[in-house]
2 protein chains.
Amino acid sequence: MTRPTGADVRASCRSGKLTGPTPGLAPGFVQANLVLLPKDWAFDFLLFCQRNPKPCPLLDVTEPGDPEPKTVAPGSDLRTDLPAYRIWENGELTAEPTDIRDHWRDDLVGFVIGCSFTFENALLEARIPVRHIEQGVNVPMYRTNIACRSAGRFHGPMVVSMRPLRPEQAIRATTICAKLPLAHGAPIHFGDAAAIGITDIAKPDFGDAVEIRTDEVPVFWACGVTPQAALMKARPPFAITHKPGHMFLTDLRDHELEQV
Amino acid sequence: MTRPTGADVRASCRSGKLTGPTPGLAPGFVQANLVLLPKDWAFDFLLFCQRNPKPCPLLDVTEPGDPEPKTVAPGSDLRTDLPAYRIWENGELTAEPTDIRDHWRDDLVGFVIGCSFTFENALLEARIPVRHIEQGVNVPMYRTNIACRSAGRFHGPMVVSMRPLRPEQAIRATTICAKLPLAHGAPIHFGDAAAIGITDIAKPDFGDAVEIRTDEVPVFWACGVTPQAALMKARPPFAITHKPGHMFLTDLRDHELEQV
């Protein structure tokens, strides 16, 4: 049996066979967040991503009405190739379909945004442990008091994910992740959670709490939930995102995101 | 006498004292290309830059109608702070004013784009010679047969600049420039000019020819003239750019563009 590729996972989604979460599928292939917005909201959102590249690293942006992200996955179709989606109307979640052909509009622009799985794979390959994977739970995520740079109608706090590491692991993780700017890049903070406005590290705003051992410090990375939070705040009349954990598989290999 | 800063050069432009070219002014401060476009053309252009980051590295993008690029030069004013501008109507050059207060519109979006001066300074500091500076002429630039990724109404060939180097200099130049993705990054080609569609290296499409010695190869970098060429092809009803060589001085230091 050959190892499944990003295209294999997309085909499973397209045929309706795969409707569950994607972590661990097609190892080595870049997984991505998806945001779809009407053209008249797309400039503001593109600008928001351009101004906040750590939480919103853009891998690809489609032409209005074109469901194919030609750079990262030629031949793919954003309407069918993810396992599950979320439909948003005026900032409210209204549906969680497994394909969006019935929701498609000719003015939709697709934003394919880098994801933490890429750098987590790089950490694991460097034998740096990732606690929430060890514990089999979702990564803990927190709203911070760090404001994103606003862009038109989009604004809001940076959301961060947290992984506990020993100092020497944190240092190696920093050098590894700094080479992956399209997967959130180097951490944005470590240590004192209150310094970035997190009041209780045991109570994440999204995801699950994880154990922090006495020789470890919490290390914080900019998180892909940031643009989704800005989106919910801005309340565009219509938007579609992936369902959390149900990502878009690209043809990119993890190592292709590495920069010198 | 203290060394002039980016802000000093901008103040000289604003007062009308400086209307000439900027190379060599405020050494150490990042100089930038400027493109101003109406909002209804800005999404396509932002997408063009996002898709072609080597020729079009974005340093800052302003909100529609706001003349202040807040990230790279807080307090500055794009209407007055460049020595000279070009006004374009339907792709035709119609004026070359020294300020654009009379041409300003409330729907203009400013694109501040990285420039080769930054990496040329880095090369000179590494004792790598830059021939056109030695010869006191403009850098030679060529249209290639490498197509940019199109975005809406913007498309066209990549324009490159060329500097002749010995192989070991070319290798060091590559590692130095790779760390400066916001100043066009690593070269895109070296050696055989015909391979990228350049028919006569002695006849650049823009700028001046320079000497290539027998132990040297031509080394080609993505060039900031690329977005201007795409702009002229797309013929938007209205656009403003800097006059070539008359750049926008930012508050960024050259070394701040360095990435790990």
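Residues numbered from 1 in each chain as written. Chains lettered and ligands numbered in written order. Predicted model: local features only at pLDDT ≥ 70, side-chain atom pairs only at ≥ 80, totals over all residues. Heavy atoms only, no water.

This is how it is decided: UniProt positions are given in the numbering used here, feature names are shortened, and annotations may be inferred rather than shown by experiment.
Chain A goes by Putative hydro-lyase in an unreviewed UniProt entry, where it is assigned to Limnoglobus roseus. As recorded by UniProt, the Sequence similarities (unreviewed entry) comment attached to chain A reads in full: "Belongs to the D-glutamate cyclase family."

### Looking at unusual backbone geometry
Where we set the bar: A run of DSSP states H or I qualifies as a helix once it reaches four residues; a run of E qualifies as a strand once it reaches two. Both are numbered from the N-terminal end. Only protein chains enter the accessibility calculation, which uses a 1.4 Å probe; a residue whose area is less than 20% of its type maximum is buried, one above 50% is exposed, and one in between is partly exposed.
Even without a glycine there, the phi angle at A:Ala26 is positive, about 50°. Mapped onto the elements of the fold, A:Ala26 is located in the loop between helix H1 (6-14) and strand E1 (29-38). Relative accessible area serves as the criterion here: at 1%, A:Ala26 is assigned to the buried category. Positive phi is not limited to glycine here, since B:Arg127 has a value of about 60°. Relative to the helices and strands, B:Arg127 is located in the loop between helix H3 (116-125) and helix H4 (131-135). We classify B:Arg127 as exposed; its relative accessible area is 75%.

### A look at the pattern of salt bridges
Heads up, the condition is: Within this document, salt bridges are pairs made up of a side-chain nitrogen of Lys or Arg and a carboxyl oxygen of Asp or Glu, the two lying within 4 Å of each other.
Applying the stated criterion to the full structure yields 40 salt bridges over all chains. Between B:Glu96 and B:Lys243 there is a salt bridge whose closest N-O contact spans 3.3 Å. One end of the pair, B:Glu96, is in the loop between strand E4 (92-95) and strand E5 (108-113); the other, B:Lys243, is in the loop between strand E10 (239-242) and strand E11 (248-253), and 147 residues separate them in sequence. The structure contains a network of salt bridges with shared partners spanning A:Asp66, A:Glu68 and A:Lys70.

### Notes on the sheet that holds strand E6 (residues 141-147) of chain A
All names here are of chain A. Our working definition: Two strands qualify as a pair provided that DSSP identifies no fewer than 2 bridges between them. In what follows, residue pairs with any heavy atoms lying within 4.5 Å of each other are defined as contacts. As a rule, the C-alpha atoms of each element are fitted with a line to give its axis, helices using only the stretch in contact, and angles between N-to-C directions run from 0 to 180 degrees.
Read from one edge of the open sheet, four strands run E6-E7-E9-E8, paired in antiparallel fashion. Single-partner strands in this sheet number two, and they are E6 and strand E8 (189-190). Taken together, the four bridges between E6 and strand E7 (residues 157-165) define a ladder with antiparallel strand orientation. By the bridge assignment for E7, Tyr142 is matched with Val160. Contacts from helix H5 (residues 167-178) reach E7 and strand E9 (217-222) within the one sheet, and its direction differs from that of E7 by about 130°. Packed onto the sheet, helix H6 (residues 225-234) meets E6 and E7 and runs at close to 150° relative to E7.

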